[in-house]
Amino acid sequence: MGRTTKKWRKTQIVVENIGTNCGKSRKNVKFVSINRLSIYHKTNNMKLKAQISCFFLMVCVAMAAQTNDDCENRILQDSRQYEETKKQFGDDNNMTCAALLANMAVDYAYLGDYTKAIELGTKGANICKLLLGENHLKYATCLCNLSDFHTEIKEYEKAIDLRTLAMNILRQHDGQSLKYATLLIEMASDYEHLGDYTKAVEFGLRAIECFKENLDDDKLDYASSLNQVSVYCSHSGDYSNAIDLVEQAIAIVEQELGVNSSIYADCLNNLSGYYSELFNYPKAIELGEQSLEIRKQIYGESSFEYGLSLSNLSLFYSGLGNHKKAIEFCTVAMRVFEGIFNKKEVNYARCLAGIAECYSRLSKYDLALEGSVSALLFLSKSWAKNIHYMHLI
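Numbering of residues starts from 1 in every chain and runs along the sequence as written. Per-residue local features of the predicted model are confined to residues with pLDDT of at least 70, and side-chain atom pairs are confined, for both listing and counting, to 80 or more; whole-chain, interface and lining totals are unaffected and use all residues. To obtain the side-chain values, all non-hydrogen atoms of the structure were included, while hydrogens and water were left out.

Engineer: How do you make sense of the pattern of salt bridges when you look at a structure like this?
Structural biologist: If the charged atoms of two oppositely charged side chains come close together, the side chains can form a pair. One side-chain nitrogen of Lys or Arg within 4 Å of one carboxyl oxygen of Asp or Glu is enough to make a salt bridge. Tallied over the entire structure, the rule returns ten salt bridges. Of the charged contacts in the structure, one is a salt bridge between R163 and D190, with a shortest N-O distance of 2.6 Å. Here the residue R163 occupies a position in helix α7 (residues 156-174), and D190 occupies one in helix α8 (residues 178-193), the gap between them amounting to 27 residues. Accessibility expressed as a relative area gives 1% for D190, which makes it buried. Between D266 and R295 there is a salt bridge; the shortest N-O distance is 2.8 Å. With D266 in helix α12 (residues 262-277) and R295 in helix α13 (residues 281-299), this residue pair connects regions lying 29 residues apart in the sequence. When accessible area is computed with a 1.4 Å probe and restricted to protein chains, residues below 20% of their type maximum are described as buried, those above 50% as exposed, and intermediate ones as partly exposed. You can call R295 buried: its relative accessible area is 0%. In this structure, a network of salt bridges that share partners links the residues D148, R163 and D190. A run of DSSP states H or I qualifies as a helix once it reaches four residues; a run of E qualifies as a strand once it reaches two. Both are numbered from the N-terminal end.

As structure tokens, then:
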């Protein structure tokens, strides 16, 4: 492939390229940076520190370069080169055209035009298949990018079909590689979106085993997969396995990054939710408050993440029967969301509804009715537009 799509994780940066220019996405940069930063803080080797410092400088340059204008300019350049190459060879059945089509597809995806990305990506993939064969790794990379495009527009069945083809190719070359593991976890995510939690857990556990085989390369990828699959287990009702997996992730993240990292806070937050589902509210509150404090230090008290932690804690206190405390947390969370979104976000409505429920439990029905009506009015206007915010992090 040329440029890899923004959905690819760190392990996919090293994928083979059929183009000459490989731009790394913001998400890729984030995952690599976390790993390099942990090494930077642990080592006393000044040469290694210097190398990592240079790496971060390149990261800053890469992130600054990833603007819409740059994507549009690259599309124009690649389009001209594509037409010139096509004219030179008489058609576009050559690897130069395939690479240019792949590059343009990724840039269109970055701009949010997934229809165009799929059109060009499919054309490039077909050329690659024709010239290199259906079992070539570069064809697998094309399929992976196409699957990401379909995932972005919620065509999960099509994404699964494409990932399956790519997995079959990768399995022939190295069925235990990080690239293969990443495909498995992405497949699990697609099944999770379809509501097939059994399949999501199945593929997720297979991904965990692959990441485990590559622990020497990156323990954080392994921890990330453990945390992600724990969510799938919880969705299927298997909280015991969910707790076991996320506790393993917490141990690894603590060892690699310490307890004051966003990843550590996210894992604690998930774990608190699992204990809540098992009605162990004291444990959920203990873990939720730890996560809240870390997020406060990292993101600040006016951040979306901090607001979510407050909202979750209000649910735990409500489950415990301490409705006054729940109202306190939910009120603060509501103010956070109001400050960020000016009341135009579903979590704000969730706070209204939560407060109304607590007032109802306290027999303050006039206040409960007022909050419920406000929440319903909000949702009637913006439910469809904001439904993608309905989640716990």
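Engineer: When you look at α12 in this model, what are you seeing that I'm missing?
Structural biologist: Expected helix span is taken as 1.5 Å per residue step, with the number of steps being one fewer than the number of residues. In this model α12 runs 23 Å from its N-terminal to its C-terminal C-alpha over 16 residues, within 8% of the 22 Å that 1.5 Å per residue would give. Considered for burial, the residues of α12 that qualify are Y264, A265, C267, L268, N269, N270, L271, S272, Y274, Y275 and S276. Where the residues of α12 are buried, they touch α10 (219-235), α11 (239-257), α13 and α14 (304-320). Any two residues whose heavy atoms approach within 4.5 Å at even a single point are treated as in contact.

Engineer: Before we go on, may I ask you to explain the nonpolar core in this structure?
Structural biologist: Inside soluble globular proteins, nonpolar side chains tend to come together where they are buried. Here, the term nonpolar core denotes a set of buried Ala, Val, Leu, Ile, Met, Phe, Trp, Tyr and Cys residues that are joined through side-chain atoms within 4.5 Å. Within the largest apolar cluster, 98 residues are counted, with the highest numbers of intra-cluster contacts made by F149 and L271. Once residues lying within four places of it in the same chain are set aside, the contact partners of L271 are I243, V246, E247, I250 and L287.

Engineer: Can you walk me through unusual backbone geometry in this structure?
Structural biologist: In most cases, non-glycine residues show a negative phi, while peptide bonds are predominantly trans. For F279, which is not a glycine, the phi torsion comes out positive at approximately 65 degrees. Here F279 is to be found in the loop between α12 and α13.

Engineer: Can you help me understand the packing of aromatic side chains in this one?
Structural biologist: Two descriptors summarise a pair of aromatic rings, namely the distance from one centre to the other and the angle between the planes of the rings. Each pair of aromatic rings taken from Phe, Tyr and Trp, with Trp reduced to its six-membered ring, is defined by centres within 6.5 Å and is described as stacked if the planes are under 30 degrees apart, edge-to-face if over 60, and tilted in the remaining cases. All told, the structure shown has five aromatic pairs when counted by the stated rule. The interplanar angle of 20 degrees and the centroid separation of 5.5 Å between the aromatic rings of Y191 and F203 together place this pair among those described as stacked. Linking Y191 in helix α8 with F203 in helix α9 (residues 197-213), this pair joins segments that are twelve residues apart in sequence. Each member of the pair, Y191 as well as F203, is classed as buried.

Engineer: Please explain the side chain of R163 as it appears in this structure.
Structural biologist: For R163, a relative accessible area of 1% corresponds to the buried category. In terms of polar contacts, R163 uses its side chain to reach the side chain of D148, at 3.1 Å. Pairs of N or O atoms are called polar contacts if they sit within 3.5 Å, as long as, within protein, a hydrogen donor faces a hydrogen acceptor (for residues adjacent in sequence, only side-chain-to-side-chain pairs). In this structure the side chain of R163 is engaged in a polar contact, spanning 2.6 Å, whose partner is the side chain of D190. If we skip the residues at most four places from it in the chain, R163 touches C144, S147, D148, T151, L183, E186, M187 and D190.

The analysis is restricted to geometry; functional conclusions fall outside its scope.
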